[in-house]
Amino acid sequence: MQYSRTIADVQQELQCLFPRKRVIIFSSTEHDQPQADILLITSYGIEKIDWRDVDLFAILSFEHLLFPPTFSRNEAAWATVSQFQTLVQTFRTPLWAIQTRDITHPVLVALERPQQFYNEELAMRQQFLYPPFSEIIRLTWSEASKGIDQNALRQLLLTAGEILPSQDGHSIALRATKPLPLNIIHALPPEVLVDRRADV
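Any chance you could explain the pattern of salt bridges here in plain terms?
Oppositely charged side chains are able to pair whenever their charged atoms sit close together. Evaluated as defined, the whole model comprises 6 salt bridges. For the salt bridge of D37 with R22, the shortest nitrogen-to-oxygen distance reads 3.5 Å. With D37 in the loop between β1 (23-26) and β2 (38-41) and R22 in the loop between α1 (7-17) and β1, this residue pair connects regions lying 15 residues apart in the sequence. With relative accessibility at 43%, the residue R22 sits in the partly exposed group. R125 is the salt-bridge partner of E121, the closest N and O atoms lying 3.2 Å from each other. Highlighted residues: E121 and R125, both in helix α4 (residues 114-127), separated by 4 residues, approximately one helical turn. Comparing E121 with R125 shows no difference in burial state: the two are buried.

Set out below in structure tokens:
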């Protein structure tokens, strides 16, 4: 399955494969589970469907869970996959499957050896100084803001940590190994928003 395909494309393909089945998308605009033979859901519908009626559950394209490519992508993918695992075990879903191009991915291996995943993830984060061994802080301001001296702002932040590469011209990401000092917070321009749970 190509990465560019949408859930509507999947619906169309499944409907062609199973023309006599009702292939329905459970979208975020619906509150009640629709009647279907094959129900397609996003993360919105995980806790809204009646799992007692599920005979086969499948994650289509596991690799989609690994985007965007941030330091916490494996953790986020593991949270989703393990949640599904808990649900199918709780409701004793007869069959479940994960479509992937790499069955050796650490997240998939963790389904059988979760402690190994935790240990390796923590070791990686410690090696590269990612949370919880540092704090990733993103400072953002609107494009319409004027008077933001980015050079002065960077010099101020360098006293608290490492400036990380930025993808745009109206934000700065900082990796701090110590709490951001109050004198730096008070020196920030009022237009700057501080996100202490940023991902990079």
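Alright, that's what it looks like, and here's the rest.
Explain the packing of aromatic side chains to me, please; I cannot follow it from the model alone.
A ring pair, where both rings are aromatic, is described by two values, the distance of the centres and the angle of the planes. If you walk through the whole model with that rule in mind, you get 7 aromatic pairs. An angle of 50° between the planes, with centres 4.6 Å apart, marks the rings of F57 and F84 as tilted. Pair noted here: F57 is in strand β3 (residues 56-59) and F84 is in helix α2 (residues 73-90), with a separation of 27 residues, a long-range link. Accessibility expressed as a relative area gives 8% for F57, which makes it buried. On the basis of relative accessibility, which here comes to 8%, the residue F84 falls in the buried class. Aromatic pair F71 and Y130: ring centres 4.9 Å apart, planes at 10°, arrangement stacked. On the criterion of sequence distance, the pair formed by F71 in the loop between β3 and α2 and Y130 in the loop between α4 and β5 (135-140) is long-range, its members being 59 residues apart. We classify F71 as buried; its relative accessible area is 11%.

The rules we used
Residues numbered from 1 in each chain as written. Predicted model: local features only at pLDDT ≥ 70, side-chain atom pairs only at ≥ 80, totals over all residues. Heavy atoms only, no water. Salt bridge = Lys/Arg side-chain N within 4 Å of Asp/Glu carboxyl O. Helix = DSSP H or I, 4+ residues; strand = E, 2+ residues; numbered from the N terminus. Buried < 20%, exposed > 50% of the residue type's maximum accessible area, 1.4 Å probe, protein only. Phe/Tyr/Trp six-rings, centres within 6.5 Å; stacked < 30°, edge-to-face > 60°.

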